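# Report on the structure
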Amino acid sequence: MKTTIIRYGLFGGITGFVIFLSHLTFAKHLSFDTLEILGYISIFISLSFIYFAIKHYRDHVNQGVITLGKAITVGLLISVLVGIGIGLADFIYTKFLNPNFFEDYAQMLIDQGRGDEVIEITSVMGALFMLALVTVIGFIISLISGLILHRKN
């Protein structure tokens, strides 16, 4: 199981890192709403490796059998690796490539009359939030994938 998790987790983590960082870096002219949509798309693309990992583990490692619990475990551990990749990309972007990102975002909220939604956030907090968000979404994808792919003896 460890090999499957590491292989697919690294695929997902690297994919998430590259896609997330590239859309933030090369799409600076886009609105925050569009960047948010692109962010969710990159998260879902990166987390798609969960389904393929569970299927691979079931078919090639575990003789065609996988329980829902084992599927969720595999998916959740991959989610953490993907979350680390995306969180790292978010940290690099907000700390080094666009250190004014959070201030610009706060100003956009104020300009829209949503100043009460502004919170102080650092690059580390943003990265940890991304890790948590990706892990939660990954759990949901793991549950759905596990329900689709589970097989008992």
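One structure accompanies this document, and this report is about it. Numbering of residues starts from 1 in each chain and follows the order in which that chain's sequence is written. It should be noted that, the model being predicted, local features are given only for residues of pLDDT at least 70 and side-chain atom pairs only at 80 or more, the latter also being counted only at that level, while totals for whole chains, interfaces and linings use all residues. As a rule here, side-chain values come from all non-hydrogen atoms in the structure, and water together with hydrogens is ignored.

### So, the overall build of the chain
Definition in use: For the purposes of this entry, the term helix denotes a DSSP run of H or I that reaches at least four residues, the term strand denotes a run of E that reaches at least two, and both are numbered from the N terminus. The buried label goes to any residue with under 20% of its type's maximum accessible area, the exposed label to any with over 50%, and the partly exposed label to all in between, with areas taken from a 1.4 Å probe on protein chains only. Only heavy atoms matter for contacts: two residues are in contact if any of them lie within 4.5 Å across the pair.
Along its length, the chain carries six helices and zero strands. Taken from N to C terminus, the helices and strands of the chain fall in the order α-α-α-α-α-α. Oriented by its inertia axes, the alpha-carbon framework of the chain measures out at about 60 × 25 × 25 Å. Relative to its 153 residues, the chain shows a buried fraction of 41%. A fraction of 81% describes how many contacts in the chain between residues 6 or more apart in sequence connect residues 24 or more apart.

### Points about the packing of aromatic side chains
Note the threshold: Only Phe, Tyr and Trp rings are paired, with Trp represented by its six-membered ring, and only when their centres lie within 6.5 Å; those with planes under 30 degrees apart are stacked, over 60 edge-to-face, the remainder tilted.
Enumeration over the complete set of coordinates arrives at nine aromatic pairs. Between Y51 and F52, the ring centres sit 5.4 Å apart and the planes meet at 85 degrees, which makes this aromatic pair edge-to-face. What makes Y51 partly exposed here is its relative accessible area of 28%. When the ring of Y93 is compared with that of F101, the centres are 5.9 Å apart and the planes differ by 75 degrees; the resulting orientation is edge-to-face. Among the residues examined, Y93 registers a relative accessible area of 3% and is labelled buried. One aromatic cluster in this structure is built from F32, Y93, F101, F102 and Y105.

### Concerning a nonpolar patch on the surface
Using the following cut-off: Every patch collects residues that have over 30% relative accessible area and no salt bridge, joining them within 9 Å if they carry like charges and within 5 Å if they are nonpolar side chains (Val, Leu, Ile, Met, Phe, Trp, Tyr). Shrake-Rupley sampling with a 1.4 Å probe provides the accessible areas, and residues are treated as covered by the protein chains on show and by no other component. Basic side-chain nitrogens of Lys or Arg form a salt bridge, by our definition, when they fall within 4 Å of a carboxyl oxygen of Asp or Glu.
Together, L76, V136, F139, I140, I144 and I148 line one region of the surface with nonpolar side chains, adding up to about 520 Å² of accessible area. A total of five residues in the nonpolar patch trace back to one element, the largest contributor, which is helix α6 (residues 123-149). With respect to the secondary-structure elements, V136 resides in helix α6.

### Description of the pattern of salt bridges
Per the stated rule, a full pass over the model turns up three salt bridges. One salt bridge in this structure joins R58 and D59, with 2.6 Å as the shortest N-O distance. Judged by its relative accessible area of 6%, R58 is buried. D59 gets classed as partly exposed once you look at its relative accessible area, which sits at 28%.

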